[in-house]
Amino acid sequence: MTLDVPPRADELEISLFGPGVGECVVAHIGGGEWLVVDSCLNPESREPAALEYLSRIGVRVESDVRYVVVSHWHDDHTRGVSRVLEASKSATFVCSTALRKNEFKTLIAMSRELNLKDSTTGLDELNQSLRCIEERREAGRRKVDVGPKFVHADSVIYRRDANETLADCEVVALSPSDSALTRSHHDIGALLREKAAKRAIVNVTPNETALVIGLRFGQAVAILGSDLEAGSSPNDGWGAVLTTTTRPKQGQIFKVPHHGSENAHHDGQWTTLMAPSPLAIVTPYASGKNPLPSKADVTRLKQLARRVCVTSPPPRKVSFNDRMVERTLNEVAKVVRSRSSRLGHVRVRISSRKSSPNVELFGAAFAA
Amino acid sequence: MASAVAISSIQTNSPARTRAVCNPALRASWSETEDPIASLDRTLDGACEEAGVLIGRTEIGSAEGRPIALALSSELETSPSLVAQSVAEPRKSVVRIPVPSEQPYRFELRQQWEGVVTHVDKDDNDELTVVLRDLTHPEQPDSEAVVSMDEVSPDDLVLVQPGAVLYWSIGYETTTTGERKRVSRIRFRRLPAWTRRDINRINARVAELDELFGE
Ligand SMILES: [Zn+2]
């Protein structure tokens, strides 16, 4: 199959993009309707991966993308999302209820004043996305259509009934839990009180309020795990996901949470949420001393999944033309490497009637 | 009045400002339930009173009668993006005191990056991860380095946290005696303290977001 061929109307498609550091999911939920969850750029073109792909397969982004979702505001999930939203003129913007709290509004307003570099926090992309929504609302469009739509565990994002030609479809949020939400705004508040007065940068880890999404189109089921971590109690993290009542059963495709990290592993993901031996798809987080997924992570996933597909290989070392610079850099730094490798794309298509998924790998993507 | 420079706002890293913010009496006003910005407002007021700074007026002074100035470190000279930023934001008025040159040597810059700290590992290995944008060869893609905390100058250690911006220069230094050596220098950007105007803008944006998010 070539890249340019769009899915059939009755196929669920999950396309996962990753350039080394970054993640984007593009999903076809039947009948030519699409949603985009998170965003990353193609390092070569600097264009959002979602937009490049959708236009390549002939999707009319302005009318056919129904939802643009930000699962959490880390920059590896938000790069270019404001451009995706701008192009998706009919889409509703969806994000975690965590963003609705006063503490978060203050954080986002402060981040704008701090002029942080776009490579640090995803808050600037969120700011721009909110500007785009404001413009749409000022142009007279309704909040229910443009968003922001705030969702948490057991919120229904989209529901479509079956008709003669199409199976029914449901897109639901499986996190964050009430407990995670309460703790998160308490944490942000405390950090603001501690650091804001000094104009220090307030760094908040949003993983615990990340949005996990369950998609069901007929009998085809995918779970998109975002960066949600295991959680410290059964009331948050993946423990809480397992207690949701709206979750689709027998997941076949699992976008593995937090780049395959051990800290996002929960046995219940594999025993309760997913069907036996599902397909696991992963984006790496090729950064820091211990890039994700580690070799141990890949080994663990291979024992649990029928097949593990990763969007891009570990990053390359960088070299400099100036020998003196290279020598000095290698003396001073413990690790020096390229921030982005090539964009990889794992595409999974599965009929809404019971069948097994068809996997295709493009660009840098590979089967582990 | 030591300085007659007309400025409409001032940010200062002067000891008075720092003391004021760290003053336990002021910190005690931060309560668990209170709006962070409201308490920030009060802290700022207290800090400014203590430092003898009048915000929004054309005259400034300090308790000691010396001008209060914000000395930004030397990396400003070579950072195009920061220069662009300061041009785009006239509100960031800064009083500079001429500093006698402390450079009896020549520095031949061979490579410079603007870096952003993405991760700090203080407990385990005492190292930081930095994403580097090449200022010397802007067409190069970003790279990333893991650096030991030892490479950070003691003055800058408090600034090391995710989101912090730094400038990393590599070059040859030639001393007055003609000695030539390779040098790697990492300096962190210092952010000026919040001003009344900043706070007002933050409050205004929070109000807009209230409106946008609705109930
Ligand atoms: Zn991530």
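Residues numbered from 1 in each chain as written. Chains lettered and ligands numbered in written order. Predicted model: local features only at pLDDT ≥ 70, side-chain atom pairs only at ≥ 80, totals over all residues.

(A) Examining the overall build of chain B more closely. Helices and strands together make up the secondary structure of chain B, namely five helices and five strands. Listing each helix as α and each strand as β along chain B from the N terminus yields α-α-α-α-β-β-β-β-β-α. The burial tally for chain B puts 27% of its 215 residues in the buried class. Considering only residue pairs separated by 6 or more positions, chain B has 63% of its internal contacts joining residues 24 or more positions apart. (Helix = DSSP H or I, 4+ residues; strand = E, 2+ residues; numbered from the N terminus. Buried ≥ 20, exposed ≤ 12 C-beta atoms within 10 Å, placed from the backbone. Contact = placed C-beta atoms within 7 Å.)

(B) Expanded view of the overall build of chain A. Scanning chain A for helices and strands turns up 12 helices and 17 strands. Compactness check: chain A gives a C-alpha radius of gyration of 20 Å against a globular reference of 21 Å for 368 residues, within 12% of the reference. Its C-alpha atoms put chain A at 65 × 45 × 40 Å along the principal axes. Taking all 368 residues of chain A together, the buried fraction comes to 57%. Intrachain contacts of chain A at a sequence separation of at least 6 include 69% that bridge at least 24 residues. (Rg over C-alpha atoms; globule rule 2.2 N^0.38 Å.)

(C) Local environment of the confidence of the model for chain B. Residues and elements named next belong to chain B. The predicted model of chain B averages 62 in pLDDT, with 51% of residues at 70 or higher. No element of chain B has a lower mean pLDDT than helix α1 (residues 15–22), which averages 25, and none a higher one than strand β4 (residues 165–174), which averages 92. Note that pLDDT drops below 50 for residues 1–34; the model gives that stretch 64 contacts with residues more than four away or on any other chain. Per-residue pLDDT stays below 50 along residues 43–95; that stretch engages in 92 contacts with residues further than four places along the chain or on separate chains. In the predicted complex, the global pTM is 0.79; the interface-specific ipTM is 0.82. (pLDDT = per-residue confidence, 0-100.)

(D) Structural context of the environment of Asp322 of chain A. Looking at where Asp322 of chain A falls in the secondary structure, it is placed in the loop between β13 (307–310) and α12 (323–332). When the 14 C-beta atoms within 10 Å are taken as the criterion, Asp322 of chain A is described as partly exposed. Measuring from C-alpha to C-alpha, the distance between Asp322 of chain A and Asp187 of chain A comes to 46 Å, with 135 residues separating the pair along the chain. Not counting residues up to four positions away in its chain, the partners in contact with Asp322 of chain A are Arg110 and Gln111 of chain B.

(E) Fine view of the sheet that holds strand β3 (residues 143–148) of chain B. The sheet built from six strands is open, its strands ordered β14(A)-β3(B)-β2(B)-β1(B)-β4(B)-β5(B) with antiparallel pairing. Unpaired on one side and paired on the other, β14 (333–338) of chain A together with β5 (180–188) of chain B mark the two borders of the sheet. Going across the sheet, the axis of each strand differs from the next one's by a mean of 30 degrees, ignoring polarity. In this structure, β14 of chain A lies alongside β3 of chain B, joined through five bridges in antiparallel fashion. Paired with Ala333 of chain A across the two strands is Val147 of chain B, which belongs to β3 of chain B. Packing against the sheet, α12 of chain A makes contact with β14 of chain A together with β1 (106–121), β3, β4 and β5 of chain B, and its axis sits at approximately 125 degrees to β14 of chain A. (Pairing = 2+ DSSP bridges. Axes fitted to C-alpha atoms, helices over the stretch in contact; angles between N-to-C directions.)

(F) Quick peek at the nonpolar core. Grouped together as the largest cluster of nonpolar side chains are 103 residues, with contacts concentrated most on Leu35, Val36, Val68, Val69, Ile213 and Ile281 of chain A. In terms of residue count, the dominant contributor to this core is helix α5 (residues 102–114) of chain A (six residues). Each residue touching Ile281 of chain A, except ones within four places of it in the same chain, is listed here: Leu16, Ile253, Lys255, Val256, Cys309, Val346 and Val348 of chain A. One finds Trp113, Val117, Val131 and Leu166 of chain B within the second-largest nonpolar core, a separate group that totals 20 residues. (Core = buried A, V, L, I, M, F, W, Y, C linked by C-beta atoms within 7 Å.)

(G) Structural context of the packing of α5 of chain A against helix α6 (residues 123–138) of chain A. Residues and elements named next belong to chain A. One can describe the packing of α5 onto α6 by two numbers: an axis separation of 9 Å at closest approach and a directional angle of 105 degrees. Accordingly, the angle class assigned to the pair α5 and α6 is roughly perpendicular. On the side of α5, the interface is formed by Ile108, Ser111 and Arg112, while α6 contributes Leu123, Asp124, Leu126 and Asn127. In terms of residue class, the contact of α5 with α6 is made up of three nonpolar, two polar and two charged. (Parallel < 35°, antiparallel > 145°, perpendicular 65-115°, else oblique. Nonpolar A, V, L, I, M, F, W, Y, C, P; charged D, E, K, R; others polar.)

(H) Looking closely at unusual backbone geometry. Residues and elements named next belong to chain A. Cis geometry is found at the peptide bond from Ser175 to Pro176, where omega equals -5 degrees. Turning to its location among the elements, Pro176 is positioned in the loop between β8 (169–173) and α8 (178–195). Even without being glycine, Ser226 reaches a positive phi, approximately 45 degrees. On the basis of neighbour count, Ser226 is assigned to the buried category, with 30 C-beta atoms found within 10 Å.

(I) Just the pairing of β4 of chain B, in detail. Residues and elements named next belong to chain B. When you tally the buried positions in β4, you get seven out of 10 residues, the bulk of the element. Summarising the sheet, β1 and β4 pair through 10 bridges and their orientation is antiparallel. Bridging across to β4, Gly115 finds its partner in Leu166. Two elements, β4 and β5, share nine bridges in a ladder whose sense is antiparallel.

(J) Up close: the sheet that holds strand β3 (residues 34–37) of chain A. All names here are of chain A. As summarised here, the arrangement of the eight strands in space is β6-β5-β4-β3-β2-β1-β15-β16, forming an open sheet in which the pairing is mixed. Edge positions in the sheet fall to β6 (149–151) and β16 (358–363), since each of these pairs with one other strand and no more. Averaged over all pairs of adjacent strands, the angle between their axes in this sheet comes to 20 degrees, without regard to strand direction. Taken together, the five bridges between strand β1 (residues 11–18) and strand β2 (residues 24–28) define a ladder with antiparallel strand orientation. Across the sheet, Ile14 pairs through a bridge with Ala27, a residue of β2.

(K) Structural context of the packing of α5 of chain A against helix α5 (residues 196–213) of chain B. Contact pair α5 of chain A / α5 of chain B: the axes reach a minimum separation of 9 Å and the direction vectors enclose 135 degrees. Here α5 of chain A is positioned oblique relative to α5 of chain B, judged by the angle of their axes. Between α5 of chain A and α5 of chain B lies a crossing of right-handed hand. In contact with Lys105, Thr106, Ile108, Ala109, Met110, Arg112 and Glu113 of chain A of α5 of chain A, α5 of chain B contributes Asp198, Arg201, Ile202, Arg205, Val206, Leu209 and Asp210 of chain B. Tallied by class, the residues present in the contact of α5 of chain A with α5 of chain B amount to six nonpolar, one polar and seven charged. (Left-handed = near helix turned anticlockwise from the far one by under 90°.)

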